[in-house]
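Take a look at the letters that make up each chain.
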Amino acid sequence: MNQYINDVLNGKTESYRLLVRQLAPSLRAYLSGRLSDFHLVEDLSQEIFIAVYQSLEKFDPKYDFRSWFFTIARNKLNSHLRKTYSKKNLKFAFEEEI
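Counting restarts for each chain, with residues numbered from 1 along the sequence as it is written. With the structure being a predicted model, the display of local features is reserved for residues of pLDDT at least 70 and the display and counting of side-chain atom pairs for 80 or more, all residues being used for whole-chain, interface and lining totals. The side-chain values count all of the structure's non-hydrogen atoms but skip hydrogen atoms and water molecules.

Visitor: Mind showing me how you'd approach the overall build of the protein chain here?
Guide: The numbering of helices and of strands both runs from the N terminus, where a helix is a DSSP run of H or I of at least 4 residues and a strand a run of E of at least 2. Along the backbone of the protein chain there are five helices and zero strands. Only protein chains enter the accessibility calculation, which uses a 1.4 Å probe; a residue is then buried when its area is under 20% of its type maximum, exposed when over 50%, and partly exposed in between. Looking at the protein chain residue by residue over its 98 residues, the buried ones come to 31%. For the protein chain, contacts bridging at least 24 residues in sequence account for 55% of all contacts bridging at least 6. Using a 1.4 Å probe, accessible areas were evaluated by the Shrake-Rupley method; residue-level cover was limited to the displayed protein chains. Per element, the accessible surface of the protein chain, about 7000 Å² overall, is 51% carbon and sulfur. In this analysis, two residues are considered to be in contact whenever any of their non-hydrogen atoms come within 4.5 Å of each other.

The structure is reproduced here in structure tokens:
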């Protein structure tokens, strides 16, 4: 994986596609275990891959890339859940049911 990362940082963006191919099944499995909507899993996966791409220069190769990647994924998921299930949104949802 480090070779793909180095290639991307050196301008070979095609290598990022290969990196996505390796990580996408694990990411989707992780998100599917926490979200019930397939389309939401796909959308959030795309957001995560974009965030990782934009932050790739900050990655320190002395650390494990998968751990770094899934830390970003966890943070994006938690952010999504906070927005979706905020008290305001829950109150509105319950008012509609009543």
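And the narrative resumes.
Visitor: It is not clear to me how the nonpolar core should be interpreted in this structure. Could you clarify?
Guide: It is characteristic of soluble globular proteins that their nonpolar side chains tend to be buried jointly. Ranked by size, the top nonpolar core spans 24 residues in total, and within it Leu27, Leu31, Ile48, Val52, Phe65 and Phe69 carry the most contacts. Contributions of two or more residues to this core are made by α1 (2–9), α2 (14–32), α3 (38–55) and α4 (65–84). A per-element tally of this core places α2 first, with seven residues. Once you skip the residues sitting within four places of it in the chain, Phe69 turns out to touch Leu23, Leu27, Ile48, Phe49 and Val52. Here, the term nonpolar core denotes a set of buried Ala, Val, Leu, Ile, Met, Phe, Trp, Tyr and Cys residues that are joined through side-chain atoms within 4.5 Å.

Visitor: Help me understand the confidence of the model for the protein chain in this model?
Guide: Reading predicted coordinates in detail is not appropriate for stretches of low pLDDT. Taken as a whole, the protein chain shows an average pLDDT of 89; of its residues, 88% reach a score of 70 or greater. At the level of individual helices and strands, the protein chain shows its lowest average pLDDT in helix α5 (residues 87–97), which scores 62, and its highest in α3, which scores 96. The predictor rates its confidence in each residue with pLDDT, a number between 0 and 100.

Visitor: Can you help me understand the pattern of salt bridges in this one?
Guide: When their charged atoms lie close together, side chains carrying opposite charge are able to pair. In what follows, salt bridge is the name for a side-chain nitrogen of Lys or Arg lying within 4 Å of a carboxyl oxygen of Asp or Glu. Counted according to the given criterion, the structure contains three salt bridges. Between Arg17 and Glu14 there is a salt bridge whose closest N-O contact spans 2.2 Å. Here Arg17 pairs with Glu14, and both are found in helix α2, just three residues apart, close to one helical turn. On the basis of relative accessible area, Arg17 is assigned to the partly exposed category, the value being 39%. Overall, Glu14 belongs to the partly exposed group, its relative accessible area being 43%.

Visitor: Mind showing me how you'd approach the side chain of Asp7 here?
Guide: When you line up the elements, Asp7 lands in helix α1. Residues scored as positive are Lys and Arg, those scored as negative are Asp and Glu, and His as well as the terminal groups of each chain are ignored. No salt bridge is formed by the buried Asp7, whose closest oppositely charged neighbour, Lys12, lies at an N-O distance of 4.3 Å. Among the polar contacts made by the side chain of Asp7, one reaches the side chain of Ser15 at a distance of 3.3 Å. Filtering out sequence-adjacent residues up to four positions away, Asp7 remains in contact with Lys12 and Ser15. Throughout this description, a polar contact denotes any pair of N or O atoms lying within 3.5 Å of each other; where both atoms belong to protein, one of them has to be capable of donating a hydrogen while the other can accept it, and for residues adjacent in sequence the pair is counted only when both atoms sit in side chains.

Visitor: I tried to follow the packing of α2 against α3 on my own but got confused; where do I start?
Guide: Helix packing for two helices is described by the angle between their axes and how far apart those axes are. Orientation is described by lines fitted to C-alpha atoms, with helices fitted over the stretch in contact, and by angles between N-to-C directions that extend from 0 to 180 degrees. The geometry of α2 relative to α3 is characterised by a closest axis approach of 10 Å and an angle of 135° between their N-to-C directions. Between α2 and α3, the interaxial angle falls into the category oblique. Helix-helix and strand crossings are classified by hand; for α2 and α3 the assignment is right-handed. Residues Tyr16, Val20, Leu23, Ala24, Leu27, Arg28, Leu31 and Ser32 of α2 form the contact with α3, whose own contacting residues are Val41, Glu42, Leu44, Ser45, Ile48, Phe49, Val52 and Tyr53. Angle categories are assigned with fixed cut-offs, so that under 35 degrees is roughly parallel, over 145 is roughly antiparallel, 65 to 115 is roughly perpendicular, and the rest are oblique. Less than a right angle of anticlockwise turn of the near helix away from the far helix marks a crossing as left-handed, whereas a clockwise turn marks it as right-handed.

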